[in-house]
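Notes for the structure review
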Amino acid sequence: MEKYFLNNIINKASKAVGHLIEICLFLVVVSLAIGSITEISARDSFLSTVKNEINFKNEIAAQSTIKEGKELTNQDLQMLKNDISYFKSLVSRVEALISLGAERKSQTLINIRENFERIAYKDEELIATSILFYFQRNLSHLSSDYLLAIAIMTCGAIGGSIGAMRNTSGFYWRSILFGLSSGFVVFLAIKGGKSVFLMQMQGQTIQFNPFSSGFLGFISGLFTEKVFDFLSTVTDSVFKKLKKVFEE
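Here is what the cut-offs are and how they apply
- Residues numbered from 1 in each chain as written.
- Predicted model: local features only at pLDDT ≥ 70, side-chain atom pairs only at ≥ 80, totals over all residues.
- Heavy atoms only, no water.
- Helix = DSSP H or I, 4+ residues; strand = E, 2+ residues; numbered from the N terminus.
- Expected span 1.5 Å × (residues − 1).
- Buried < 20%, exposed > 50% of the residue type's maximum accessible area, 1.4 Å probe, protein only.
- Arc of directions from axis to C-beta.
- Salt bridge = Lys/Arg side-chain N within 4 Å of Asp/Glu carboxyl O.
- Core = buried A, V, L, I, M, F, W, Y, C linked by side-chain atoms within 4.5 Å.
- Contact = heavy atoms within 4.5 Å.
- Phe/Tyr/Trp six-rings, centres within 6.5 Å; stacked < 30°, edge-to-face > 60°.
- Axes fitted to C-alpha atoms, helices over the stretch in contact; angles between N-to-C directions.
- Parallel < 35°, antiparallel > 145°, perpendicular 65-115°, else oblique.
- Left-handed = near helix turned anticlockwise from the far one by under 90°.
- Nonpolar A, V, L, I, M, F, W, Y, C, P; charged D, E, K, R; others polar.
- Patch = residues over 30% accessible without salt bridge, like charges linked within 9 Å, V, L, I, M, F, W, Y side chains within 5 Å.
- Areas by Shrake-Rupley, 256 points an atom, 1.4 Å probe, with all protein chains shown as cover.
- pLDDT = per-residue confidence, 0-100.

Points about helix α7 (residues 173-192)
Across its 20 residues, α7 extends 29 Å between first and last C-alpha, which sits within 8% of the 28 Å expected from 1.5 Å per residue. Within the span of α7, buried status applies to S175, I176, G179, S182, G183, V186, F187 and I190. On an axial view of α7, the arc spanned by its buried residues comes to 155°, and they lie on one face.

Written out as structure tokens, the structure is:
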């Protein structure tokens, strides 16, 4: 009797620990999704802000007037040119961050934004206790392609977990793996179909909308079985067409 009672306690404890690990894993996945989506969106918003400043100063320089109607002096024009040149260097830094990521802390968006605002923050003011801020700070050095992959795959994992909870009494780590897998498939599809999922195109920099992309990853995770059934159908159709071509 005592042995049965002890085994029962051990089984309940192991299940409780297992559920706790699953919950912690789910929270980590959610934090990664939020951090990556937020970072991608912040880069695009900041890039648009700087380019708007460049256009605004170019208009002032072209008109040779300021808001009060006074004519610009040569010194004023030179200051405008210096500001425009400086803002263009910031645009180049953000575009490099989007394409290649950051090798040093000074190349991250936080530090680029500080330079734009010309405010010298102390390290103490940049440290936050929020776990979401912690994840975003550790994702800030990655390129936007990496962040997009993380966002879509983690959203797929969230969708897979919710789908498992809808069908059963709880979710399992397998549902997260299936969601990550379906999210990876969606990431490949998005990168191969840029014209559908573009946020905007400015020069040579291409930004994908992280919100719609993440939502598509969530849907693919929520309906993982349907996604893989669809891929299986498409694959069978392609193989049949290829087979006919080779037989002819």
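Description of the pattern of salt bridges
In total, this model carries four salt bridges according to the counting rule given. Where K51 meets E95, a salt bridge forms, and the shortest distance between an N and an O atom there is 3.6 Å. Here the residue K51 occupies a position in helix α1 (residues 2-63), and E95 occupies one in helix α2 (residues 74-100), the gap between them amounting to 44 residues. Residue classification places E95 among the partly exposed residues on the basis of a relative accessible area of 22%.

What about the nonpolar core?
In terms of nonpolar packing, the biggest core is built from 14 residues, with F46, V50, I54, V94 and I112 touching the most fellow members. Among the elements of the structure, α1, α2 and α3 (109-117) are those that each provide at least two residues to this core. Sorting elements by how many residues they give to this core places α2 first, with seven residues. Here V94 is in contact with R43, F46, L47 and I112, once residues within four sequence places are set aside.

Focus: the packing of aromatic side chains
Across all of its chains, the model carries one aromatic pair by this definition. Considering the side-chain rings of Y86 and F87, the 6.0 Å spacing of their centres and the 50° angle between planes classify their relative orientation as tilted. Assessed through its relative accessible area of 25%, Y86 is described here as partly exposed. The class of F87 is buried, set by a relative accessible area of 7%.

Some words on the packing of α7 against helix α9 (residues 210-222)
It is the contact of α7 with α9, at a shortest axis distance of 8 Å, that shows an interaxial angle of 135°. Taken together, the axes of α7 and α9 lie oblique to each other. Pair α7 / α9 crosses with right-handed handedness. In this structure, α7 contributes G179, S182, G183, V186 and I190 to the contact, and α9 contributes S213, L216, G217, S220 and G221. Classifying every residue of the contact of α7 with α9 by side-chain character gives three nonpolar, seven polar and no charged.

A short note on a nonpolar patch on the surface
Taken together, the side chains of F230, V234, V238, F239, L242 and F246 make up a nonpolar region of the molecular surface, amounting to roughly 640 Å² of accessible area. Summarising the element assignment, F239 is placed in helix α10 (residues 224-247).

Quick look at the confidence of the model for the chain
Confidence along the chain averages 76 in pLDDT terms, with 75% of residues attaining 70 or more. α9 holds the highest mean pLDDT among the elements of the chain, 89, whereas helix α4 (residues 123-126) holds the lowest, 45. Counting interchain partners and residues more than four positions distant, the pLDDT-below-50 stretch residues 119-129 has nine contacts.

Examining the environment of S85
Within the secondary structure layout, S85 lies in helix α2. Through-space distance from the C-alpha of S85 to that of I54 is 8.7 Å; in sequence the pair is 31 residues apart.

Digging into the side chain of S144
On the secondary structure map, S144 appears in helix α6 (residues 144-167). Apart from residues lying up to four places away in sequence, S144 is in contact with I40, R43, L97, I98 and Q207.

Let's talk about the packing of α7 against α10
In the contact formed by α7 and α10, the axes pass within 10 Å of each other and the chain directions differ by 45°. Here α7 is positioned oblique relative to α10, judged by the angle of their axes. Along this stretch, α7 crosses α10, giving a crossing that reads as left-handed. Between α7 and α10, the residues in contact are F178, S181, S182 and V185 and T224, F228 and L231, respectively.

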